[in-house]
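# Examining the three-dimensional arrangement
Residues per chain, in single letters:
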Amino acid sequence: MKKSVMIFAVATVFLFASCSKRSGDGGETAFHIGVVTGTVSQSEDDLRGAEELIARYGAVAQGGMIQHITYPDDFNSQQETTISQIVALSDDPLMKAIVVNQAVPGTAEAFRRVKEKRPDILCFAGEPHEDPLTIQRSADVAINADFMSRGYTIIWAAKEMGAKTFVHISFPRHMSYETLGLRRNIMEQACADLGIRFVFETAPDPTSDVGVAGAQQFILEQVPQWVERYGKDTAFFCTNDAHTEPLLRQLAEYGGMFVEADLPSPLMGYPGAFGIDLTAEAGNFPAILKKVEDVVVAHGGAGRFGTWAYSYGFTASAGLGEFAKRIIEGNASVSSSADLFAALGEFTPGARWNGGYYVDQNTGTRAMNQILIYMDTYILGQGYLSTTELNVPEKYFLITFTN
């Protein structure tokens, strides 16, 4: 069945929140929250968000609140393993919520099984890989980086940076996802409308037989050729986290531009690509951003590399965990987008967000349990581009996805 989506806009919000640590009372927690993420090699920021929750509320093994596990790197071919890991969390009688970020294939089925056993457990999905209507059936809340609005805003930002060509790097598995495939279609149309050449390049899937190392080696080898072919006034974009670091490394050496990552963060690819030690700045995103910016500018990258000021992956893991905690404690409502934004804002003080509810265009039904969000783009050495203030033309929300 062909599906397409549109956004029901909500007002841009400014989130101001304290990042102060919270101390427990030293006793056993009254409930547990399970947090499931990828590993460091596949999605480090997601994992670090889980670690932030542990730092605040303690690990279950030490009498705290957070039970963190990771799913396999090759999650696409090991869906049953992922499902079993998630469902096993519901065997804990104190488990009251499960957060999966990124919600890789199999998460919807895992949530369905959890709900069968324990309907009292909240199930939250960060950046679902499965189609919206699939994850909505079993998740209490799902959030995505706004794949529709960003299909336009990333291209707009690339033009503002001076790009004449935009290269989109991905592979068939990702392009089969409605969220990623539809964004690619919107990007191509935005390029046509804004006078930028659009190019699609295929790279190996890190979950395939070549693994993460093989996929990264491919990027290292191809980027110099791509820059020579398309020119240095070319903005590159990849849909996979594992591709990001080698892409940034080679763009820094050979030229080219980078607006922001698929799941943006100053931690996404930049430390490894530019050899930045952020040990002293760990957890302090304003300090992390400044250090990354200083190093990139020193390498001649001012105005040519961008990000979000805060990590989306980190914020999704930590923010959804915080949201679950507040709901369980009676301080938030699962149906309140304002409460959700406030929980996310706990980890992004002063950040400006925009977003909207997912709407299925075929039925016109607005999904109150799935929200698409995005932040202003920050260009290193230049400052913010006000992407959250853009009026994204309605035509882009009417573009369809065909798998």
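As a starting point, this report considers the structure included with it. Please read these numbers as outputs of a predicted model, since none were measured by experiment.

Here is what the cut-offs are and how they apply
Residues numbered from 1 in each chain as written. Predicted model: local features only at pLDDT ≥ 70, side-chain atom pairs only at ≥ 80, totals over all residues. Heavy atoms only, no water. Helix = DSSP H or I, 4+ residues; strand = E, 2+ residues; numbered from the N terminus. Rg over C-alpha atoms; globule rule 2.2 N^0.38 Å. Buried < 20%, exposed > 50% of the residue type's maximum accessible area, 1.4 Å probe, protein only. Contact = heavy atoms within 4.5 Å. Pairing = 2+ DSSP bridges. Right-handed = clockwise from strand over helix to strand, strands pointing away. Polar contact = N/O pair within 3.5 Å; in protein donor to acceptor, adjacent residues only side chain to side chain. Disulfide = S-S within 2.5 Å.

## Let's talk about the overall build of the protein
Broken down by element type, the protein carries 13 helices and 14 strands. In terms of overall size, the protein behaves like a compact globule, its C-alpha atoms giving a radius of gyration of 20 Å where 403 residues would be expected to give roughly 22 Å. In terms of principal-axis extent, the alpha carbons of the protein reach across some 60 × 50 × 45 Å. Expressed as a percentage of the 403 residues in the protein, the buried residues total 61%. For the protein, contacts bridging at least 24 residues in sequence account for 74% of all contacts bridging at least 6.

## Focus: the pairing of strand 4 (residues 95–101)
Judged by how many residues are buried, strand 4 sits mostly within the fold: 6 of 7 residues are covered. Both strand 2 (residues 32–37) and strand 4 contribute to a ladder of 5 bridges, which runs parallel. Counterpart to valine 35 in the pairing with strand 4 is valine 99. As judged from the 5 bridges shared by strand 4 and strand 5 (residues 122–126), these two strands associate in the parallel manner. When the bridges of strand 5 are listed, valine 99 appears paired with phenylalanine 124. Regarding topology, helix 3 (residues 107–117) serves as the crossover connection from strand 4 to the parallel strand 5, and that connection is right-handed.

## What about the sheet that holds strand 10 (residues 306–307)?
Strand order across the open sheet formed by 3 strands is 10-13-14, with antiparallel pairing between neighbours. The open sheet is flanked by strand 10 and strand 14 (383–385), the only strands paired with a single partner. Across 2 bridges, the pairing between strand 10 and strand 13 (residues 377–379) is antiparallel. Note on strand 13: the bridge partner recorded for glycine 306 is isoleucine 379.

## Quick word on the environment of alanine 302
With respect to the secondary-structure elements, alanine 302 resides in the loop between helix 11 (285–298) and strand 10. Judged by its relative accessible area of 39%, alanine 302 is partly exposed. Sequence spacing of alanine 302 and phenylalanine 124 is 178 residues, and the spatial spacing of their C-alpha atoms is 38 Å. Discounting chain neighbours no more than four positions away, the residues touching alanine 302 are Val296, Val297, Leu380 and Gly381.

## Structural notes on the environment of serine 138
Following the sequence through the fold, serine 138 ends up in the loop between helix 4 (132–136) and strand 6 (141–145). Along the sequence, serine 138 and tyrosine 312 sit 174 residues apart, while their C-alpha atoms lie 23 Å from each other. The contacts of serine 138, once residues within four sequence positions are left out, are Ala108, Phe111, Arg112, Lys115 and Cys123. At a separation of 2.9 Å, a polar atom in the side chain of serine 138 contacts the main-chain carbonyl oxygen of alanine 108.

## Details of the state of the cysteines
Counted by the stated rule, this structure contains 0 disulfides. Cysteine cysteine 191 remains unbridged, with the sulfur of cysteine 238 as its closest cysteine sulfur at 16 Å.

## As for unusual backbone geometry
Omega for the peptide link from asparagine 101 to glutamine 102 comes to 0 degrees, which places this bond in the cis form. Examined against the element boundaries, glutamine 102 turns out to sit in the loop between strand 4 and helix 3. Even without glycine at this site, glutamate 127 takes up a positive phi of about 45 degrees. Among the structural elements, glutamate 127 can be located in the loop between strand 5 and helix 4. For glutamate 127, a relative accessible area of 7% translates into the label buried.

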